There are 2 protein chains.
Amino acid sequence: MAGTDATRRDVGEDGFAVVLVDPQLGDNIGAAARAMLNCGLTDLRLVRPRDGWPNERARAFASGADRVIDGTRVFERTEDAVRGLRTVYASTARDRFMVKPVVTPRQAALDMRAAATAGHATGVLFGGERAGLTNDDVALADTILTVSLNPAFSSLNLGQAVLVVAYEWFQAASDASPRAISDPDYTPADKADLYRLFDHLEGALEDARFFKTEEQKPSMIRSLRTMLGRGGFTQQEVRTLHGVITALSGRRADGRERATNRPVPDSP
Amino acid sequence: MAGTDATRRDVGEDGFAVVLVDPQLGDNIGAAARAMLNCGLTDLRLVRPRDGWPNERARAFASGADRVIDGTRVFERTEDAVRGLRTVYASTARDRFMVKPVVTPRQAALDMRAAATAGHATGVLFGGERAGLTNDDVALADTILTVSLNPAFSSLNLGQAVLVVAYEWFQAASDASPRAISDPDYTPADKADLYRLFDHLEGALEDARFFKTEEQKPSMIRSLRTMLGRGGFTQQEVRTLHGVITALSGRRADGRERATNRPVPDSP
């Protein structure tokens, strides 16, 4: 794959990160690591593993995938774990009633291969054993990934879910789909930059007392992130939108007031 | 599917049997049962399970796939376990130096679906955790089934191997695609409403002197419309964004100033 050296160091040679959010059992983390290496993947990221890290059961269940276990990184927040990724999928079996695209692992694998070829790192979020991903985590993702299974019994074990996605990634090696955007240079912004844009907007809305009550604020923020996230903004577009928010609100991304919020009508 | 009553009783409604030969851990038998029911399969056959049958760990690891566990049959010899099947595959990662066709799970799934439609039951043999299938077992099969995986780390856990084969079986059904948006009620906004949103934003930006020069204004507006148009906003999302623009700029969609642009800090 292409990409700068910095990108390579950050996401590994394969350009595809597996992110487990609130995983509970080391057994399942190990099974996920084994399934990843079975399919040539090595970039494993954990958010708040219940039993801490390192975890000896995870190493045992990885059955020799030490390379994945040794390179695993741990984060406090999902937002930090997806840093450096350009497209993020949320693996979930349930309908979330969010206006986000839904793809199968097979479709996702073709898109992820195409992204990797273009030098863009991608990742998939998997929720913990008990409850899966929260709606806030799903809202961070661009696309929902759902495995088609027996509707009467569709809940996959965590290690099995990782296997299906990694397996499709490996099988897609030979045939990457054409790109879906009519600009050969199209590159979505780094998620960290996108989240700074969300912070800027939400800070400006807070100042403007947009949120009527504290209760409705989280769901309103989730809706805004979902609708703006769908656009797949480029770095340049993110900069433009910072300019839009600053122009409209007088509040800059760093939280400071702009010198003049609103032009004085009779200025020269 | 078609088939005589006798065949149906023998192999279950699905026409596809999973045969585990010399399985050791109940955990893995249970994981296999769960993966089978995830993919709509129920016909599980065991040859010489090391820890006997029934096995409480198998039931626990099946996570509710009781229907599979309760229907599981146990045999002394592989020959007896494949009785009633018309085509048998042997799942193995190693070369066996036997003159037999080798297929991937994806190819096998298509063939097994076609056989099921014609009323012919099929089955896949999986070896135990320690050594896999013996050459004698492989010799009983018509075709070798091998999963393409990382050549440096290709050994799948038993439950994972069953999942890959069952998953491909399920995906080979024609209607295994989820809906394209994770909200069954998703409807994009009327374009006329979307354009009113653009007018609102551009009017507010004009007021805020966002456009530095008249020359760059058309291309800037085009960029804004392109990036916001990509999101496919719903009617409700368009309303929310009108609220965002009004809150930030103090300018309503009809061009009038809001009563108070910025909240007065000491108001009640």
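Residues numbered from 1 in each chain as written. Chains lettered and ligands numbered in written order. Predicted model: local features only at pLDDT ≥ 70, side-chain atom pairs only at ≥ 80, totals over all residues. Heavy atoms only, no water.

For the rest of this paragraph, the subject is helix H10 (residues 217-229) of chain B. Relative to the 18 Å expected for 13 residues at 1.5 Å per residue, H10(B) spans 18 Å between its end C-alpha atoms, a close match to the ideal helical length. Of all the positions in H10(B), only Lys217(B), Ile221(B), Leu224(B), Met227(B) and Leu228(B) are classed as buried. One side of H10(B) holds all its buried residues, which, seen down the axis, span an arc of 135°. Its buried side turned inward, H10(B) meets helix H11 (235-249) of chain A together with helix H9 (191-207) of chain B. (Helix = DSSP H or I, 4+ residues; strand = E, 2+ residues; numbered from the N terminus. Expected span 1.5 Å × (residues − 1). Buried < 20%, exposed > 50% of the residue type's maximum accessible area, 1.4 Å probe, protein only. Arc of directions from axis to C-beta. Contact = heavy atoms within 4.5 Å.)

Right, let's get into the sheet that holds strand S5 (residues 102-103) of chain B. All names here are of chain B. Reading across the sheet, the seven strands line up as S3-S2-S1-S6-S4-S7-S5 and stay open at both edges, with parallel pairing between neighbours. Each having just a single partner strand, strand S3 (73-75) and S5 make up the two edges of the open sheet. Relative to strand S7 (residues 143-145), S5 is paired through two bridges, and the arrangement is parallel. The residue bridging Val102 from the neighbouring strand is Ile144, located in S7. (Pairing = 2+ DSSP bridges.)

Applying the stated criterion to the full structure yields 36 salt bridges over all chains. A salt bridge links Arg59(B) to Asp66(B), with the nearest nitrogen and oxygen atoms 3.4 Å apart. Overall, the relative accessible area of 29% leaves Arg59(B) in the partly exposed class. A relative accessible area of 32% places Asp66(B) in the partly exposed class. Each member of the salt-bridge network shares a partner with another, and the members are Arg106(A), Glu168(A), Arg106(B) and Glu168(B). (Salt bridge = Lys/Arg side-chain N within 4 Å of Asp/Glu carboxyl O.)

All names here are of chain A. Put simply, chain A has an average pLDDT of 85, and 87% of its residues get 70 or more. Every residue in residues 1-12 scores below 50 in pLDDT, and together they form 25 contacts with partners more than four places removed in sequence or on other chains. Counting interchain partners and residues more than four positions distant, the pLDDT-below-50 stretch residues 175-180 has eight contacts. Across the predicted assembly, pTM comes out at 0.78 and ipTM at 0.76. (pLDDT = per-residue confidence, 0-100.)

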